[in-house]
Amino acid sequence: YEEGTFTPAITFGDGNTGLVHNVQVGRYTKVGNRVFATLYVHLSDKGSSTGTAKVGGLPFSSSNIQNFYCTTAVWMNSINFGNAVPTGYLPYNDTKFRLERQQTSANAGVWGCDNSNFLDSSDVMLNISYQTG
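Residues numbered from 1 in each chain as written. Predicted model: local features only at pLDDT ≥ 70, side-chain atom pairs only at ≥ 80, totals over all residues. Heavy atoms only, no water.

A. Region of the structure containing the packing of aromatic side chains. Enumeration over the complete set of coordinates arrives at 5 aromatic pairs. Pairing tyrosine 69 with tyrosine 89 gives two aromatic rings, centres 5.2 Å apart and planes at 70 degrees, and the pair type is edge-to-face. Residue tyrosine 69 is found in the loop between β5 (53-56) and β6 (73-79), and its partner tyrosine 89 is found in strand β7 (residues 84-89); the two are separated by 20 residues along the sequence. Tyrosine 89 sits in the partly exposed class, given a relative accessible area of 23%. Ring geometry for tyrosine 69 against tyrosine 92: centres 5.9 Å apart, planes inclined by 45 degrees, an arrangement best described as tilted. Here tyrosine 69 is found in the loop between β5 and β6, whereas its partner tyrosine 92 is found in the loop between β7 and β8 (97-103), with 23 residues between them in sequence. What makes tyrosine 92 partly exposed here is its relative accessible area of 27%. (Phe/Tyr/Trp six-rings, centres within 6.5 Å; stacked < 30°, edge-to-face > 60°. Helix = DSSP H or I, 4+ residues; strand = E, 2+ residues; numbered from the N terminus. Buried < 20%, exposed > 50% of the residue type's maximum accessible area, 1.4 Å probe, protein only.)

And the structure:
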């Protein structure tokens, strides 16, 4: 059993050029090989990096079991992606949660979030549990 804190961070295409976090708070509990983590990040400047949006800094890598992805509860605010619901997943053997959006219109599907979906004042909260190696 272990409890602790960590510093989550948003990246775009694994870069963070000019990106400024106003708030970065993460807490976790680890019991055996199961991690329970809650985090909140708030941007004050999204910077100039481009590419897939991820929240990194999770305290432990997810299990290295191929095709064993972990989904979670996601809340996002001040985001530019129209009629969609925030979602995402933690790939296997990773500490970065990939942010995505589930379409709610007739053109249903899941698309990744990227820098164009974020504003200088975007917020992201995650509540995740995952298996670690």
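B. Examining the sheet that holds strand β10 (residues 118-131) more closely. Read across the sheet, 5 strands follow the order β1-β3-β4-β10-β6 without closing on themselves; strand pairing throughout is antiparallel. Two strands in the sheet have a free side with no partner beyond their single neighbour: β1 (2-6) and β6. Across the sheet, the mean angle from the axis of one strand to that of its neighbour is 5 degrees, orientation sign disregarded. Relative to strand β4 (residues 34-45), strand β3 (residues 20-31) runs antiparallel, the two sharing 11 bridges. Residue pairing across strands places lysine 30 opposite valine 35, the latter belonging to β4. (Pairing = 2+ DSSP bridges. Axes fitted to C-alpha atoms, helices over the stretch in contact; angles between N-to-C directions.)

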